[in-house]
Amino acid sequence: MRTNKHIRRVRHAKRPEVQNGAVHVTMRLCAGLPSMRRPRTYRVLERAFRQGNERKGFSLVHYSVQSNHLHMLVNAENKACLGKAMQGLAVRIARALNKLWKRKGTVFFDRYHSRVITPTVYQVKKVLRYVLQNARKHGVSLPRGEPDPFSSARWFNWWQWPGRSRPRRSPPIAEPLCWNTSISLVHGLDLDDLPGPRFHADCW
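Just so it is clear, the model here is predicted, and its values are computed rather than measured.

Caption draft 1: Structural view of helix α1 (residues 39-52). An ideal rise of 1.5 Å per residue puts 20 Å on 14 residues; α1 measures up with 20 Å between its terminal C-alpha atoms. Where α1 is concerned, the buried positions are T41, Y42, V44, L45, E46, A48, F49 and G52. The secondary structure elements touched by the buried residues of α1 are β2 (54-55), β3 (58-65), β4 (69-78) and α2 (79-101).

Caption draft 2: Quick peek at the packing of aromatic side chains. If you walk through the whole model with that rule in mind, you get four aromatic pairs. Taking 5.6 Å as the distance between ring centres and 85° as the angle between the ring planes, the aromatic pair formed by Y42 and F150 counts as edge-to-face. Here Y42 is found in helix α1, whereas its partner F150 is found in the segment after α4 (134-137), with 108 residues between them in sequence. The burial state of Y42 is the same as that of F150; both residues are buried. Relative to W159, the ring of F156 has its centre 5.1 Å away and its plane inclined at 75°; by these criteria the two rings are edge-to-face. Each member of the pair, F156 as well as W159, is classed as buried. Among the aromatic side chains, those forming a connected cluster through ring pairs are Y42, F49, Y63 and F150.

The rules behind these values
Residues numbered from 1 in each chain as written. Predicted model: local features only at pLDDT ≥ 70, side-chain atom pairs only at ≥ 80, totals over all residues. Heavy atoms only, no water. Helix = DSSP H or I, 4+ residues; strand = E, 2+ residues; numbered from the N terminus. Expected span 1.5 Å × (residues − 1). Buried < 20%, exposed > 50% of the residue type's maximum accessible area, 1.4 Å probe, protein only. Contact = heavy atoms within 4.5 Å. Phe/Tyr/Trp six-rings, centres within 6.5 Å; stacked < 30°, edge-to-face > 60°.

Written out as structure tokens, the structure is:
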């Protein structure tokens with residue numbers, strides 16, 4: 001088993017500038033914690049996402065939950081809005097998981113990693129595929145033509161096959177703040193597509 005000291009930490013370099021744009025965010029758990037891909041754990045996470053998915057200058061657009069890390073596509077007006085919102089969301093998630101797991105202490109191994117997405121349909125489609133299909137990238141077996149239940153994929157309206165029913169409960173995601181993440185421009189994602197081996201060098 002890999003320990004924290006064997007995992008490359010996020011470089012503490014200057015955060016990229018954000019101007020009304022989409023950002024791909026990744027957060028990793030500390031080693032040794034339970035998997036997040038369990039129904040009870042996911043319900044706790046979904047509640048935390050729903051409560052923290054929108055604030056001034058920030059919205060959580062889509063996400064996927066993996067066993068030891070989270071992928072999120074967010075929208076932010078600027079770097080300050082992104083930082084404050086992600087700090088609040090990380091605290092909310094950490095508290096919820098610690099309460100569920102009946103423990104105290106650090107939940108996330110390091111600060112979140114972020115990458116600004118170029119505002120083109122091609123790039124938005126690429127990151128959406130990477131985030132929503134991340135479980136398939138990691139070799140998780142999912143039924144053909146079915147969205148990952150540990151993600152916001154069930155609330156995505158533009159899969160290749162129309163007419164898929166959405167959950168009746170309120171969505172844990174929020175509308176994008178600006179056209180840079182106008183997901184309505186992204187049509188025809190295939191539920192059985194696999195993302196590339198790496199979306200970028202620092203993704204898991």
